[in-house]
Amino acid sequence: MKPARFEYVAPASVDAAVETLLAANGEGKLLAGGQSLLPLLNFRMARPAVLVDLNGIKELSFIELRGESVVIGALTRHREIEHSPLIASRLPVMSAAMRHVAHLAIRNRGTIGGSLSHADPAAELPMMAMFYAARLTVQGPAGRRTIAAKDFFVDALTNCLEPEEIVVEIEFPIPQHDGWVFEEVARRFGDFALASIAVSIRRGQSGIEDARVAAMGVADTPLRLEDVERRLCEIEIDVRMPDRFCEWVRSSVSPNSDLHASGEYRKHLLGELARRALKTALAAKGDRR
Amino acid sequence: MSSDRRVQPSDVLRPRHVGAPIKRTEDLRLLTGRGEYSADRKPDRALHVAFLRSGQPHARIAGIDTAAAEAAPGVVAVFTADSIADDFKAVIPFSRMPNYYATPILPLASGKVRYVGEAVVAVIATSRYLAEDALELIEVDYEPLKAISRAELAVADGAPLLHEAAGSNVLLAREFRKGDVAADLKVAAVRVGGRFEMTRKAPLALEPRSYTAEYEKRRDAITLYTSSNIPGIVRDAISESLGLPGHRLRVVAPDVGGSFGSKGSLYPEELLICIAARKLGRSLKWTADRLEDVSSSSQAFAEIVDAEMGFDANGVATSLQADVIGDVGAYSIYPWTCGLEPVQVVSFLPGPYKIGSYRGAVRGVATCKPPTGPYRGVGRPISTFVAERLMDLGAKALGLDPLEIRRRNLVRSEDFPYRIASGIIWDKTGFLECLEAAAEAVGYQQLRLRQADARKDGRLFGIGIATYAELTGIGSRIAVAPGMPINTGSETAKISIDSTGAITAAFGVASHGQGLETTLAQIIADDLGAKFEDISVIQGDSDEVPMSTGTYASRSAVLGGGAAKHASFLLRDKIKRVASHLLEANQDDIEVFGGQAVVIGTDRAVTFRQVARAVYSDMKTLPVEAREELSASYTYDPINGTTAAATHIAAVEVDPATCFVKIHKYVVAEDCGKIINPMIVDGQVHGGVAQGIGAALFEELIYDDDAQLLSASLVDYVIPSAPEVPVMEVVHIESESAVAGGFRGMGEGGTIGAPAAIANAIADALSPLGIDVSILPMTPERIFKLMEQARFNSRGKADE
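No experiment lies behind these values; they were computed from the predicted model shown.

A. Region of interest: the overall build of chain A. Tallying secondary structure elements over chain A gives 12 helices and 14 strands in all. Counting only C-alpha atoms and orienting by the principal axes, one finds that chain A spans roughly 60 × 45 × 30 Å. Sequence separation of 24 or more characterises 62% of the internal contacts of chain A that already satisfy a separation of 6 or more. Accessible surface computed for chain A: about 12400 Å², of which carbon and sulfur atoms make up 48%. Measuring between centres, the 36 positive side-chain charges of chain A sit 5 Å from its 38 negative side-chain charges.

Below is the structure:
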């Protein structure tokens, strides 16, 4: 289990990295944290001619408040996001989700740009990008462009990037909500999710004014359930609401079966998590779990 | 304790090492990265081996084109079955069992491949990278044959034959009988039964299999460093296969990072690396990557058991019958044969219970999967799972408490020695004592009350008990594997004091995590009268003792420990004889302790160093005839072996929303006789239970209908990690054992009891829903399906 031969290049800037990708003629691959790529190289499932190591590009690593958004540099490690007070106060659902991202050693190396680009349908950060309606800034030979998260994730392990494009930073608009929950079930803590749901709401006088619902582990990409969000805002809050929410969430997914869980079980699990999540979100106004 | 030792007045004051929780001496090097594993060997300009493995489950090899690989950069040689055909004799896993076909063990697939992962071609190159590059250039022309993915398919009419020469896919068949089961079942007050299954499991040691063959030109000799727990058996087998005498073939198991049975058989790669080293006159290295280790090391369980048990109206088990089909994989393993795992299931099924009549039949069936082999517990995890499920089903049918039905059926102290139907004899062991101690430690009555409360709240809370007995420290009268011709009944200790006064104790046993360097030194310290820190234990090296087999089958404390005791006594007597000259005292007035010989009741003493100097260096102090070399060797054979037993009790809760199982409480009460080191015993129990939890809840090798392994990585093959293993309480019952030192083996027990205890606890938790547990692991998916089915059934009933 050794990788096939490749050239190794460590550019010092994004411009130079794009140049290197261009020169590699579609045979280049970006190395960030390497937590998914290195096993793929060792299995020879990925065999790039040129490995472009981004780890020397220091300006890609940052977390900052920019207007009504939090912006995170693509090379920012999971561990930095997990422990960022700014993320904890402005993007609390993401802060909670980070605890579920694999294990400590992986969080020390893995990066947000790498995780989003890898586009695993059962990974937390792609789900958070959908949940917060993030915008990804990418740089290619023609300069920079911005892509909405919902357009970025095309399929399982597939994003919409051109071969010479690099994710540079990700902007997360801050929702003005007062109740939120992140729920995930994995076989073992840190494993890929069997099912996960994130719920965030703002309560008004008579009901829910605004809601966000995202799910993962139940489709080929993470899902934002906008229909369910709308319906949450249309009804009054009562004791039956979590049950109805559970049904709406269940009926909006049709997960596939795999080695770890059947589609029916994932659907059941997501429904149960949804019910539990909404109960918590409604009960804990501004409070976190 | 030993009867041949005179009790001295000072005994009460003297600290003893046996029984003390001494920290493992090997841990300093292992935990600070100073251990040396097979892969750490750095022979001069070693070459690296990579194997091309079959992607076909079953195919004829029509041709292999290695020309491009041979021409690839860095490649020194490419070997196929044809190109090494004259360099070895096939190793045959022989057995005297009737109805058994021995599949020969070859270094590389010849003529056919029979499972995905079987080694077909070996590339030898200057680096592993280049070797793996060259693998991609090899063309194997396969003619695919029909795959056999399940045991039931292998015995179906018209099934393709895996081994044509065997004439059948049934590689072994055996039956044990006692009394008239059919008649007893007919008159039984209650009959319970079912079809039980334990799926295929990977032993999954932390260190993958790893071999370094160091070639010595001068003598045409090989030293094989192997991650094996049977270096002695490997030495003898390769010696025979390659025609290399033992003094030109040294096999060393250096530090070994776990085995759990997966390193307890001879492997084709061990043969290949020695053949290639000799052919090329070079040193070679190979370490399995995780994929190779999971897909080509011996695997565990894979049995389906149809079983039935009859009880009289008092809850006494009168009769038991079982038909077992074992999916043994494509080949027998050496030396244990493919009978090892499945035959043990029927050998041990009656367990620690007095059951009037018994019939146990087993078939071992060839499929397109890697061989099954020894795995911690061998056969008994499933025999215990089945017997303990039947006990609980019987208790339920009779309205008895699970604890009570076991009280009524366990072999009682007055019944020992007790012979069970398969011929196994239980010597006096604390079966009932373990049951009662576990019940007390777990607070059984309280726990039942807690369960009643939980059930009122609609919670799924369950309690599970498992009792079992195992045979450990097996001597020469019993074959570890059925009908096996090699001797596994003895072990040798060779203890010497050199001219510096240092003590070296050499053994053939091969610790791969058991802490034998510590425990054997504890025994020697006490029985030789040495300082613990002066003793160095060497083990796992075929050059150190004339014959050995290794560490497996819970034998090393009993056999290695017994040998250590006897060799220590012999050497202690030599020390006394020398000291009697030096101290001018009668031998009988000298006692040896703490690294010195002392005249009892005086301050006259000589240290081991002074004794050594007198014998070896200072030629003026002793008469010539008194200069005995300070070494002693003893080969110990416990003849029959000894029983070990335990009761496990688990309390679990099933979350109806997630279908996950949470273990709230776990207690083990075990009897391993005299405890050498309680810290190590606890560690063995904890580790064994953790593996049992894996078998009960997580681990499963899943093969599809084409016999392709789907769960080949650690993402898909899920093992328990620290958060999934609960804090457990271990209670020790130290009942007397007849073997030297009173030790009983205990390295496997945790894995035997845990699957059954957890299965019973889950069944108990789910019993309000009318759900039974008959297959392991009970994954959330399986529990979900059972609960859905139960919901469907109860809806159906409500509609009626």
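On we go.
B. Structural context of the interface of chain B and chain A. In this assembly, 31 residues from chain B lie in contact with 25 residues from chain A. Roughly 2300 Å² of surface becomes buried between chain B and chain A when both sides are summed, with 58% attributable to carbon and sulfur atoms. The partner of Arg-47 of chain A in a salt bridge is Glu-136 of chain B, and the shortest N-O contact between them spans 2.8 Å. If you look at where chain B meets chain A, you find 13 residue pairs in polar contact (both at pLDDT 80 or more). For the side of chain B that touches chain A, a count of residues per class yields 16 nonpolar, 4 polar and 11 charged.

C. Molecular detail of the sheet that holds strand E2 (residues 59-65) of chain B. Residues and elements named next belong to chain B. The strand order across the open sheet built from 3 strands is E4-E2-E6, with neighbouring strands paired in antiparallel fashion. In this open sheet, the two edge strands, each paired with only one partner strand, are strand E4 (112-113) and strand E6 (139-144). As paired elements, E2 and E6 share 6 bridges and run antiparallel to each other. Among the inter-strand pairings, Ile-61 is bridged to a residue of E6, identified as Tyr-142.

D. Summary view of the pattern of salt bridges. Residue and element names in this part refer to chain B. All told, the structure shown has 76 salt bridges over all chains when counted by the stated rule. When the shortest N-O distance is used, the salt bridge between Asp-327 and Lys-369 registers 2.5 Å. Here the residue Asp-327 occupies a position in strand E14 (residues 317-329), and Lys-369 occupies one in the loop between strand E15 (357-366) and helix H10 (380-398), the gap between them amounting to 42 residues. Residues Asp-327 and Lys-369 agree in their burial class; the two are buried.

E. Highlighting the sheet that holds strand E13 (residues 208-216) of chain A. All names here are of chain A. Across the sheet, which stays open at both edges, the 4 strands sit in the order E11-E12-E13-E14 with antiparallel pairing between neighbours. What marks the edges here is a single partner per strand, and that holds for strand E11 (179-186) and strand E14 (223-224). Judged from the 2 bridges that link them, E13 and E14 form a sheet pairing that is antiparallel. In the strand pairing of E14, Ala-214 is matched with Arg-224. With respect to the sheet, helix H10 (residues 226-234) is in contact with E13 and E14, its orientation differing from that of E13 by roughly 150°. Here helix H12 (residues 263-283) sits on the sheet in contact with E11, strand E12 (193-203) and E13, set at roughly 30° to E12.

F. Structural view of the domain arrangement of chain B. Residues and elements named next belong to chain B. In terms of domain boundaries, chain B breaks down into domain 1 (9-35 + 490-636), domain 2 (38-145 + 208-256 + 263-291) and domain 3 (300-477 + 639-799). Between the C-alpha centres of domain 1 and domain 3 there is a distance of 39 Å. The interface is formed by 26 residues belonging to domain 1 together with 23 residues belonging to domain 3. For the domain 1 and domain 3 pair, buried surface summed over both sides reaches about 1700 Å², with 68% attributable to carbon and sulfur atoms.

G. View of empty space enclosed by the protein. Residue and element names in this part refer to chain B. All told, the structure shown has 5 cavities of 30 Å³ or more when counted by the stated rule. The calculated volume of the largest cavity comes to roughly 100 Å³. Of all the secondary-structure elements, those providing two or more residues to the lining of the largest cavity are strand E18 (460-472), strand E26 (642-654), strand E27 (661-671), helix H17 (678-698) and helix H18 (749-766). Here the lining of the largest cavity takes 4 residues from E26, the largest share from any one element. What lines the second largest cavity is simply Phe-348, Leu-349, Gly-351, Pro-352, Tyr-353, Ser-383, Thr-384, Ala-387, Glu-388, Thr-467, Tyr-468 and Ala-469. Secondary-structure elements contributing two or more residues to the lining of the second largest cavity are H10 and E18. Take the lining of the second largest cavity: its biggest share by element is 4 residues, from H10. Per-class residue counts for the lining of the second largest cavity are 7 nonpolar, 4 polar and 1 charged.

Calculation criteria
Residues numbered from 1 in each chain as written. Chains lettered and ligands numbered in written order. Predicted model: local features only at pLDDT ≥ 70, side-chain atom pairs only at ≥ 80, totals over all residues. Heavy atoms only, no water. Helix = DSSP H or I, 4+ residues; strand = E, 2+ residues; numbered from the N terminus. Contact = heavy atoms within 4.5 Å. Areas by Shrake-Rupley, 256 points an atom, 1.4 Å probe, with all protein chains shown as cover. Lys, Arg positive; Asp, Glu negative; His and termini not counted. Charge placed at Lys NZ, Arg CZ, Asp CG, Glu CD. Buried area = accessible area lost by both parts, 1.4 Å probe. Salt bridge = Lys/Arg side-chain N within 4 Å of Asp/Glu carboxyl O. Polar contact = N/O pair within 3.5 Å; in protein donor to acceptor, adjacent residues only side chain to side chain. Nonpolar A, V, L, I, M, F, W, Y, C, P; charged D, E, K, R; others polar. Pairing = 2+ DSSP bridges. Buried < 20%, exposed > 50% of the residue type's maximum accessible area, 1.4 Å probe, protein only. Axes fitted to C-alpha atoms, helices over the stretch in contact; angles between N-to-C directions. Domains from an automatic or database assignment. 1 Å grid on protein atoms, 1.4 Å probe; cavity = no way out; pocket = protein on both sides within 12 Å on 5 of 7 lines; lining within 4 Å. Points joined across faces, edges and corners; volume = space filled by probe spheres on them.

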